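Here is what each chain is made of, one letter per residue.
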Amino acid sequence: GDSVTQMEGPVTLSEEAFLTINCTYTATGYPSLFWYVQYPGEGLQLLLKATKADDKGSNKGFEATYRKETTSFHLEKGSVQVSDSAVYFCALSDRAGFQKLVFGTGTRLLVSP
Amino acid sequence: NAGVTQTPKFQVLKTGQSMTLQCAQDMNHNSMYWYRQDPGMGLRLIYYSASEGTTDKGEVPNGYNVSRLNKREFSLRLESAAPSQTSVYFCASSDGTGVTLAEEQFFGPGTRLTVL
């Protein structure tokens, strides 16, 4: 079945550092790809998404590019802030049917001043 | 516009007790979902309702039942709670019309359940 693999956390960075969180996927179809973010004590919220190869999703300074050849959707940000500390989930939805999401295990990001 | 609301926020049960988690959305969404979140395992789909009047099993449905009471409300019931059901439970909703590719799901704040 479909699956998503994320890098283990936590990722610990200083403010203004460059962030990369790796995400690779396995899917039988041609999925849509997402990054969701969960701030402490809250539910998940959509950060960005991409629907086809070479699409770049972007939001709040975060970017991720849909790479079909490497089945990857890595999340990047050029300069992180303390307020970016959260858990980040990579996910896919298979276009073949009802749009259920398959999530990765999540990567916790801790940014210190 | 409250989005997705869940009650209760916290609950402690003893093994064998039953309870119902409530979820409501005010976005006129067709589709609703129940997930559980466990450390190191991400979110796993328990049940979903693609539209009012339909429900289907997700990845981990054993020990749970659901009711799509109307378009707004989708409840999750634990008939006989077990310690393995200790988790954080999230309800979510999405438009569900199939018009938009890569639909966003909107999540509630979660219910933290402990089964002793």
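Scroll up a little and you will see the structure.
Owing to the predicted nature of the structure, the values given are computational and were not obtained by experimental measurement.

K.L.:
How would you sum up the overall build of chain B? Please name residues and give values.
P.N.:
Summing up its helical and strand segments, chain B has zero helices and eleven strands in all. Ordered by position from N to C terminus, the α and β elements of chain B give β-β-β-β-β-β-β-β-β-β-β. The C-alpha atoms of chain B give 14 Å as radius of gyration, which agrees with the globular expectation for 116 residues (13 Å, within 12%). For chain B, buried positions account for 47% of its 116 residues.

K.L.:
If you had to explain the interface of chain A and chain B to someone new, which residues and values would you point to?
P.N.:
Across the boundary between the two partners, chain A contributes 20 residues, which contact 21 residues of chain B. Applying the counting criterion to the chain A and chain B interface returns two residue pairs in polar contact (both at pLDDT 80 or more). For the side of chain A that touches chain B, the elements supplying multiple residues, two or more each, are strand S5 (32-38), strand S6 (44-50) and strand S11 (101-103) of chain A. The leading source of residues in the side of chain A that touches chain B is S5 of chain A, at four residues. In terms of residue class, the side of chain A that touches chain B is built from eight nonpolar, eight polar and four charged.

K.L.:
Pulling in residues and values, what's your account of the pattern of salt bridges?
P.N.:
Residue and element names in this part refer to chain B. Throughout the structure, instances matching the rule amount to seven salt bridges over all chains. Across the salt bridge formed by Arg 36 and Asp 38, the nearest N and O atoms sit 2.9 Å from each other. Relative accessible area serves as the criterion here: at 8%, Arg 36 is assigned to the buried category. Looking at Asp 38, the relative accessible area reads 10%, which means it is buried. One salt bridge in this structure joins Asp 38 and Arg 44, with 2.8 Å as the shortest N-O distance. Considered together, Asp 38 and Arg 44 belong to a single accessibility category, that of buried residues. Taken together, the shared-partner salt bridges in this structure form one network comprising Arg 36, Asp 38 and Arg 44.

K.L.:
Please set out the environment of Thr 5 of chain B residue by residue, giving values where relevant.
P.N.:
Residues and elements named next belong to chain B. Looking at the secondary structure, you find Thr 5 in strand S1 (residues 4-7). Taking C-alpha positions, Thr 5 is 8.5 Å from Phe 107, a pair spaced 102 residues apart along the chain. Residue contacts for Thr 5: discarding those within four places in its chain leaves Gln 22, Cys 23 and Ala 24.

K.L.:
Can you tell me about the layout of surface pockets, naming the residues and giving the values?
P.N.:
Roughly 770 Å³ of volume is contained in the largest pocket. Lining the largest pocket are 33 residues, and of these Gln 38 and Arg 108 of chain A together with Gln 37, Val 88 and Arg 112 of chain B lie nearest its centre. Mapped by element, the contributors of at least two residues to the lining of the largest pocket are strand S10 (86-93) and strand S12 (107-112) of chain A together with strand S4 (31-38), strand S9 (87-94) and strand S11 (111-115) of chain B. For the lining of the largest pocket, the element with the highest residue contribution is S11 of chain B, accounting for four residues. Here the residues of the lining of the largest pocket sort into 13 nonpolar, 14 polar and six charged. Its volume calculated, the second largest pocket comes out at about 320 Å³. Taken together, 16 residues form the lining of the second largest pocket, with Asp 2, Leu 101, Val 102 and Phe 103 of chain A together with Glu 59 of chain B sitting closest to its centre.

The rules behind each value
- Residues numbered from 1 in each chain as written.
- Chains lettered and ligands numbered in written order.
- Predicted model: local features only at pLDDT ≥ 70, side-chain atom pairs only at ≥ 80, totals over all residues.
- Heavy atoms only, no water.
- Helix = DSSP H or I, 4+ residues; strand = E, 2+ residues; numbered from the N terminus.
- Rg over C-alpha atoms; globule rule 2.2 N^0.38 Å.
- Buried < 20%, exposed > 50% of the residue type's maximum accessible area, 1.4 Å probe, protein only.
- Contact = heavy atoms within 4.5 Å.
- Polar contact = N/O pair within 3.5 Å; in protein donor to acceptor, adjacent residues only side chain to side chain.
- Nonpolar A, V, L, I, M, F, W, Y, C, P; charged D, E, K, R; others polar.
- Salt bridge = Lys/Arg side-chain N within 4 Å of Asp/Glu carboxyl O.
- 1 Å grid on protein atoms, 1.4 Å probe; cavity = no way out; pocket = protein on both sides within 12 Å on 5 of 7 lines; lining within 4 Å.
- Points joined across faces, edges and corners; volume = space filled by probe spheres on them.

All we've got here are geometric facts, nothing functional implied.
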